[in-house]
Every structure is written in structure tokens, then in C-alpha cells.
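# A closer look at the structure
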Amino acid sequence: PTHPTHMESRARWQSLSGARDGCVALSHDGQKLATFSNRMARFGDGTDCVIHIYDIASGNEDAVPLMDLRGHGLMITNVAFSPVCRWLLASAAHDRTVRLWNVETGSHILSYNHDTEVNVVAFSHDGRFLASGCRDATVWLRFSSFPYADHSVLRGEHNTGIESLAFSPNSEYLASGAIGTLMLWKLPQGTPSREVECYNNTVSSISFSPDCTMIALSLVGLHGYDEPWGSARVIDLEGRNKLILEQNDPVAGVAFSPDGSHVLGACGGYLVRWDSATGERQRLVEIKSSTLALSKDGKQVAAGLFIWTLCDWTDKTHKLFSPTLQRMVFELMCVRQRLCQEWEKKQQKQEQEQEQEKRHHPH
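Residues numbered from 1 in each chain as written. Predicted model: local features only at pLDDT ≥ 70, side-chain atom pairs only at ≥ 80, totals over all residues. Heavy atoms only, no water.

## Here we look at the overall build of the protein
Note the following rule: Per the convention used, a helix needs a DSSP run of H or I reaching at least four residues, while a strand needs a run of E reaching at least two, with both numbered from the N terminus. Relative accessible area decides the class of each residue, using a 1.4 Å probe on protein chains only: under 20% of the type maximum gives buried, over 50% gives exposed, and in between gives partly exposed. The criterion used for residue contact is that any of the two residues' heavy atoms lie within 4.5 Å. With residues, only the protein chains shown are counted as cover, and all accessible areas are computed by Shrake-Rupley using a 1.4 Å probe.
A count of helical and extended segments in the protein gives two helices and 26 strands. Burial status across the protein gives 55% buried among its 363 residues. For the protein, long-range pairs separated by at least 24 residues make up 44% of all intrachain contacts whose partners lie at least 6 apart in sequence. As presented, the protein carries roughly 16,100 Å² of accessible surface, and 48% of it is formed by carbon and sulfur atoms.

This is the structure in C-alpha cells:
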């Protein structure tokens, strides 16, 4: 076969984007950061699935979470902050649930059950809708605002699991991405509006322009079986290509600037900015992660657990980042090291307890 299989393409995209372990979400006021980790435990304890909440406003640089949220029974896949309710966070997981959390109290509010594993979750900009994309190629659309008591299941032309979701800023459209297809849904009914063929590539990230006329999307795939390939482009709502931003390197995250003048992306180990009119490309800063999140006002950008403050989106120099505010707030390696140390201590304790149990109760 000339094209990668669904599982091969999915595995490649996961390794490129990091979205299945450590994906970040930035609150719309830029005050909190959410990420997660999935650690396999030994001795039949399953998976330790934890959401980590960090307080960016405090300026704490020791990589210690403000709180850890536990409750999912299987691998967490995505997190999203509500744009209108600053304390509300949604998380998706392979335990077939979407959970809502209060990030001020650390409490679990409620859970929504699904028919299969949930890959991604997103809020609409006005807070009226909550969408979740599932492994069975369906999109669950919940509405009527919090607590989103009503829902409908959207079934379009997707043939594989949903990998990305995005609402238009006016909350009139929902876009869903999978391997090979991008679907546009007209709200509030969730009726199919447009199918865009993506030729066996995974739509890994979607962003609407502020005026809701354009969509930036990143595609990740394989040439043959081994060589990673990716592109980023801007299309209109009819699915027509308007601008090719990147043709060779995988771009795992894209986001329009608040004025629509630029598209920000994580590409080739760098945070990259493209002019949305000309496609002019500028490397901004080297990053160690390919996940990307942008605050609602466009002033804070998170790449992995690195936070930068943006000064001027139109500045063509490297003064785009404030020299006094450009700082690393959270070091991803510190977090991972701390989690690994905690995990190793837990395993050592369990091994010691098992050894003691064997000595006290020999066969």
C-alpha cells in the first residue's frame, strides 16, 4: 500500500505533536495553564492519569502544580478551558468520558458518558456549546450552556477517529478534523456544511480567523512508512486553498493572531509566525515542544510548559517578545523528572510491600 494505515498515521501524529501526553491548555485570561500526564503503573494498578494545573499569574518558576486533578480511569487525551467561565475546565479520556472540573477548588463537577473513547474536547467562544470528538468518528455536541444538559451526536464523512476540534469566534461553525477529512458543521443544529478532502493526512490542529472567513489547519502524515511529512495552510469556508504556509515540515499547532494578521505555529523545533496575507515565515524562538496554546487576547503563548508574553504581533524584529517578560515559567523537564521520581518511589514502595508479603506468607 502507498498510504499509511490509520494506526500508523495516528501513532506518527502522536509522536510529532505530543498531544496525547502533555498537551497544554491556556486559560483565556492567561492566568492558568493545564497539562496532563499518563503513567502506567505496575502490579495491576492501571494508569495514573493526572491533570496538572499551574498558576501563571503567581510567577512561580519551580514547576510545582497549583493542584492535581485525578478521576479518569484511562488515558487522558485532551483538556480545554471555558472561554466564559474562568474556573471551568473540561477533560477528555479513553475511559469514554468528558469530565468538568472547578480549577479554583480542584473539585470534579460532573461527567458525560460516551459510546467510545474520547480524543478531543472544545468549548465554543460564547460558552454555549461543548464539543467532544470520539474514536468512532462521531462528534458529540452539547448545548444550552453549562451544565450542557442537552446533546446531539454528529455523524459526517469522517472514517476515522476525531483528532481536532475548533469553533469559529462567532460560534456559528464547528470544525472537526480526522485522518483524511475536515468537516464543517453549521450551528446550532450541527448540520454538515462542508467536507474538505485532506488526502490521508491527519488534521492535527484547526484555527478560525477572527473574522470567521478563513481557517488555518495543520496536516501531518507520512511519505511511505517512515518519513514524516506535514503542511500548514489557510483555506476559506468553501474549502478552497488560499495560502500554503508550510509544505515540508510537520506543523503540530496553529493559531490565528487576534487581529488575523498572522498565524502562529509549532514547526521544526521552533515557534514560527507566518504572515496570513503573504505567507512570509519568521522563526521566533526555539522550543522543546510541539504543542501550542494561545490566550484569548493573544498576549500569552504556551508551547509545552514554556510561557512567553507577546509584545507586538506586527513587529518584524525579534522584539515580538518582551525582554522583561520573556521568561520560562515552567520547565517541562523539571515536571517530568518530578513525576518520574514520584512514580519510582511509588513502585519501590510497592515492591518492598510485596517482598514483605512474600516473607510473611511463603508459598
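Read on for the rest.
## What about the packing of aromatic side chains?
Formally: Each Phe, Tyr or Trp ring, with Trp reduced to its six-membered ring, pairs with another whose centre is within 6.5 Å; inter-plane angles below 30 degrees give stacked pairs, above 60 give edge-to-face pairs, and intermediate values give tilted ones. Geometrically, a lysine NZ or arginine CZ counts as sitting over a ring once it is within 6 Å of the ring centre and also within 35 degrees of the ring normal.
Tallying each qualifying case throughout the model produces two aromatic pairs. Centroid distance Phe129 to Phe167: 6.3 Å. Interplanar angle 15°. Geometry classified as stacked. In this pair, Phe129 sits in the loop between β9 (118–123) and β10 (130–134) while Phe167 sits in strand β13 (residues 164–167), placing the two residues 38 residues apart along the sequence. Above the face of the Tyr270 ring, Arg283 is positioned so that its terminal group lies 4.2 Å from the ring centre.

## Structural notes on the sheet that holds strand β20 (residues 251–256)
How we decide: Note on pairing: two strands pair once DSSP finds at least 2 bridges between them. All axes here are fitted lines through C-alpha atoms, helices being fitted over the stretch that makes contact, and every angle between N-to-C directions spans 0 to 180 degrees.
An order of β20-β21-β22-β23 is seen for the four strands of this open sheet, with the pairing classed as antiparallel. Bordering the open sheet on either side are β20 and β23 (281–286), each of which pairs with just one other strand. Each strand of the sheet is rotated relative to its neighbour by a mean of 25°, with strand direction disregarded.

## Section: the confidence of the model for the protein
Note the cut-off: The predictor's confidence in any single residue is recorded as pLDDT, a number from 0 to 100.
Mean pLDDT for the protein: 78, with 75% of residues reaching 70 or above. In this model residues 317–337 is a low-confidence stretch, pLDDT under 50, and it forms 56 contacts with partners more than four residues away in sequence or in other chains.

## Observations regarding the sheet that holds β9
Across the sheet, four strands lie side by side as β9-β10-β11-β12; this open sheet has antiparallel pairing. Single-partner strands in this sheet number two, and they are β9 and β12 (150–155). Taken over all neighbouring pairs, the strand axes of this sheet differ in orientation by 20° on average, direction set aside. Relative to β12, strand β11 (residues 138–143) runs antiparallel, the two sharing six bridges. Residue pairing for β12: Phe143 is matched across the bridge by Asp150.

## Here's the deal with the pattern of salt bridges
Put simply, the test is: Between Lys or Arg on one side and Asp or Glu on the other, a salt bridge is scored when a side-chain nitrogen of the former is within 4 Å of a carboxyl oxygen of the latter.
Taken as a whole, this structure holds eight salt bridges when the rule is applied. Between Asp236 and Arg240 there is a salt bridge; the shortest N-O distance is 2.8 Å. Two residues, Glu246 and Arg281, come together in a salt bridge whose shortest N-O distance is 2.9 Å. Of this pair, Glu246 sits in strand β19 (residues 241–246) while Arg281 sits in strand β23, and the two are 35 residues apart along the sequence. We classify Glu246 as buried; its relative accessible area is 10%. What emerges from the salt-bridge pattern is a single network uniting Asp236, Arg240 and Lys242.

## What to know about the environment of Asp249
With respect to the secondary-structure elements, Asp249 resides in the loop between β19 and β20. Overall, the relative accessible area of 30% leaves Asp249 in the partly exposed class. Placed 17 residues apart in sequence, Asp249 and Ala266 show a C-alpha to C-alpha distance of 10.0 Å. With residues near it in sequence (within four places) discarded, Asp249 still touches Gly230, Ser231, Cys267 and Arg281.

## A word on the environment of Val254
Here Val254 is to be found in strand β20. By relative accessible area, which is 7% here, Val254 ends up buried. Distance in space between the C-alpha atoms of Val254 and Phe208 is 9.7 Å, their sequence separation being 46 residues. Contact partners of Val254, with chain neighbours within four places excluded, come to Ser205, Ile206, Ser207, Ala216, Leu217, Ser218, Ala232, Val263, Leu264, Gly265 and Leu292.

## Points about the pairing of strand β7 (residues 97–102)
With six of its six residues buried, β7 lies for the most part within the structure. Side chains Thr97, Arg99 and Trp101 of β7 all project onto a buried face; the interleaved residues Val98, Leu100 and Asn102 project onto the opposite face, where all are buried too. Summarising the sheet, strand β6 (residues 88–93) and β7 pair through five bridges and their orientation is antiparallel. Bridge pairing in β7 links Ser91 to Arg99. Note: β7 against strand β8 (residues 107–113), six bridges, orientation antiparallel. Paired with Trp101 across the strands is His108, a residue of β8. Where β7 folds back on β8, the antiparallel hairpin that results is connected by four residues, among which Gly106 adopts a positive phi of roughly 80°.

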